[in-house]
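# Overview (structure and organization)
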Amino acid sequence: MDEKKTARYYELLERMIDEMSVTDGYDRTKIVDVVKGICELFRLTKAETEFYRSEAFKKRGEVERISDYDNGKSGRLAMQRRMVSKTGSSVISSVYMEEGDELTPDEEAKVDILLRTMVSFIARNRLQNAIEQLGFHDEEGYPNMRSFMRFLDKLGLEGKMREYTACCFNLRRFGLVNQQFGREVGDLVIKKYFNILKGIIGEKGHVIRMGGDNFAAIFKSELTDQVIEVFKGVAVTYEPGTQKRVLISSAAGLYKITDDFGEQSPRSIMDMIFPTMHTAKSETNGTIVYYDEQMVAMRDHTMHVREIFPKAIKNGEFHVFYQPKVDVTWGKLVGAEALCRWFHDGRIVPPMEFIPVLEQNTDICKLDYLMLEMVCKDLRRWLDMGRRVVRVSVNLSRKNLTDVDLLDNIIEIVDRYEIPHEFIEIELTETTTDVAFRDLKRVVTGLEEVGIATAVDDFGIGYSSLTLLQDIPWKVLKIDRSFLPADEEKVVSKNHMMFKHVVSMAREIGLECVTEGVETKKQVMILRKNHCHVAQGFFFDKPMPVEEFEGRIDKPMYDLSHLSEEWRFKADEGPAREKV
């Protein structure tokens, strides 16, 4: 290789290194110009670089291909160099030349330097992008919580927090979209809904996905009305060719950052908007809730419960109360539901004051396991004493469903106390998301296989009830009190008809039926008339401490003599002759 050509090569290489060494952003066109010069110097027809984020991306053919030079002439691969990082990402640089042409050994050495330089440079820059993507985006490509916190910190440093409103929002009943149209369409709808909000909020705000169908955002306060309109409902096209659309709305908790936000950490905003969103989700009418003084009290209460919960467990403050389940025909105790009661500072803490708080994280799972173990201890003691034992149902929160070891953990606790499986029943509530549905099916199926009964709790208040009964092998159907007619309702009312047909359907598919919230004599007769044989409610007993329940076990019959023969006869005769 002559001296003039060599000098030209080193001149071009030096230019390339200078451009690649710029710290505040490089000019790609200048680098491409250098690559072109070197390729022409060595008769190369094409130079390209490929970047794969991981081997999985490579196998799927998901590649970022950078063509730095191509003169359009066909050629063969002349040389290739690659670099694979510890994270599994890889960079491959290749050059081509015409068939029949060869690089001399000296030219090979110089082209090798070019390729290695390109590989190192691309690897450095693409890995920076990859780290940004992996660190601040989820696996679906949505900005994640880490990116949200970074944006909040930036606003705090710039002193601009008071110009903004923050929110958490949850897509309402989105499980129905997945069930009706499939996961692929569901993912497309979420992305389009996300992009609609992102388009409104712009670059001066930030929208992120917290997981599933939960999101957070921060935006200029003057955009609040536009954002709320999207939360109230927007039609999202899921099939462009036919313009098929689905209406998507959100339950949202908002906090307009005030002038007195003061020295609080920007990150404390999450403590304000996250519980506010949960309040919005529980609202039956409006689903847009603003953080206010009541929310402050709720936040403080939440923090207090979380703080004292571990000590409360250690001190044995949680107790099992049992509410009997009674055969309405004969008045016999046939089972019980185990309910948690918290004794703290001389009073019983109402469940609604701590259960929703514990359900915000995995603390509820610890409490569920504690309740199951306490029930097993009681059952073991009763069995050892020779007492008559009935099946006891224990509630498990949906939070447990994501635990892959849930099934094994339940069985381990039951078997540790050598409790015959027929004496344990696990109650699980309905779910509307397809991911939780699969976990629910896995757990219920596994429990049924080992002879532990399962009950679908609060049947009728969710949105996937029929699918739940069709696809999951439950043993017991617990009918929510909302289905049970009130005394003043006529026998031709919707509630009467719905209750009748729900019980009939359950019986026909082989499910045991238990109705919750039975409080009056007339409601007992409605159960009898419709052949729902088991009731749970204040008509028979409130939840009672273990000592009192043991007395009930020893005397398992309830006196139903006050249900007169007239009542029994009239009820069995049907609606036309029922006593009003």
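## Examining helix 7 (residues 183-201)
- Taking 1.5 Å as the rise per residue, helix 7 with 19 residues should run 27 Å; its terminal C-alpha atoms sit 27 Å apart, in good agreement.
- Among all positions of helix 7, only Val185, Gly186, Val189, Ile190, Tyr193, Phe194, Leu197 and Ile201 are buried.
- Following helix 7 by one or two positions, glycine 202 has its phi on the positive side, about 75 degrees.

## Details of helix 8 (residues 224-232)
- Every buried residue of helix 8 is accounted for by Thr224, Val227, Ile228, Val230 and Phe231. Viewed end-on, helix 8 has its buried residues packed into an arc of 155 degrees, placing them on one side of the element. Exposed residues on helix 8 whose side chains face more than 90 degrees from its buried face are Asp225 and Lys232.
- One or two steps after helix 8, the chain reaches glycine 233, where phi turns positive at roughly 150 degrees.

## Topic: empty space enclosed by the protein
- The final tally for this structure, using the stated rule, is two cavities of 30 Å³ or more.
- Where the lining of the largest cavity is concerned, the elements lending two or more residues are helix 2 (28-41), strand 2 (64-70) and helix 4 (105-136).
- No other element matches the four residues that helix 4 contributes to the lining of the largest cavity.
- Class assignment of the residues belonging to the lining of the largest cavity gives a composition of seven nonpolar, no polar and three charged.
- In this model, the second largest cavity occupies a volume close to 50 Å³.
- What lines the second largest cavity is simply Val35, Ala47, Glu48, Thr49, Asp68, Ser93, Ser94, Val95, Leu114, Leu115 and Met118.
- Among the residues forming the lining of the second largest cavity, the class breakdown is six nonpolar, three polar and two charged.

## Structural notes on a negative patch on the surface
- A cluster of acidic side chains, namely Glu139, Glu140, Glu184 and Asp187, defines a negative patch on the protein surface.
- Mapped onto the secondary structure, glutamate 139 falls in the loop between helix 4 and helix 5 (145-158).

What counts, and at which threshold
Residues numbered from 1 in each chain as written. Predicted model: local features only at pLDDT ≥ 70, side-chain atom pairs only at ≥ 80, totals over all residues. Heavy atoms only, no water. Helix = DSSP H or I, 4+ residues; strand = E, 2+ residues; numbered from the N terminus. Expected span 1.5 Å × (residues − 1). Buried < 20%, exposed > 50% of the residue type's maximum accessible area, 1.4 Å probe, protein only. Arc of directions from axis to C-beta. 1 Å grid on protein atoms, 1.4 Å probe; cavity = no way out; pocket = protein on both sides within 12 Å on 5 of 7 lines; lining within 4 Å. Points joined across faces, edges and corners; volume = space filled by probe spheres on them. Nonpolar A, V, L, I, M, F, W, Y, C, P; charged D, E, K, R; others polar. Patch = residues over 30% accessible without salt bridge, like charges linked within 9 Å, V, L, I, M, F, W, Y side chains within 5 Å. Areas by Shrake-Rupley, 256 points an atom, 1.4 Å probe, with all protein chains shown as cover. Salt bridge = Lys/Arg side-chain N within 4 Å of Asp/Glu carboxyl O. Lys, Arg positive; Asp, Glu negative; His and termini not counted. Charge placed at Lys NZ, Arg CZ, Asp CG, Glu CD.

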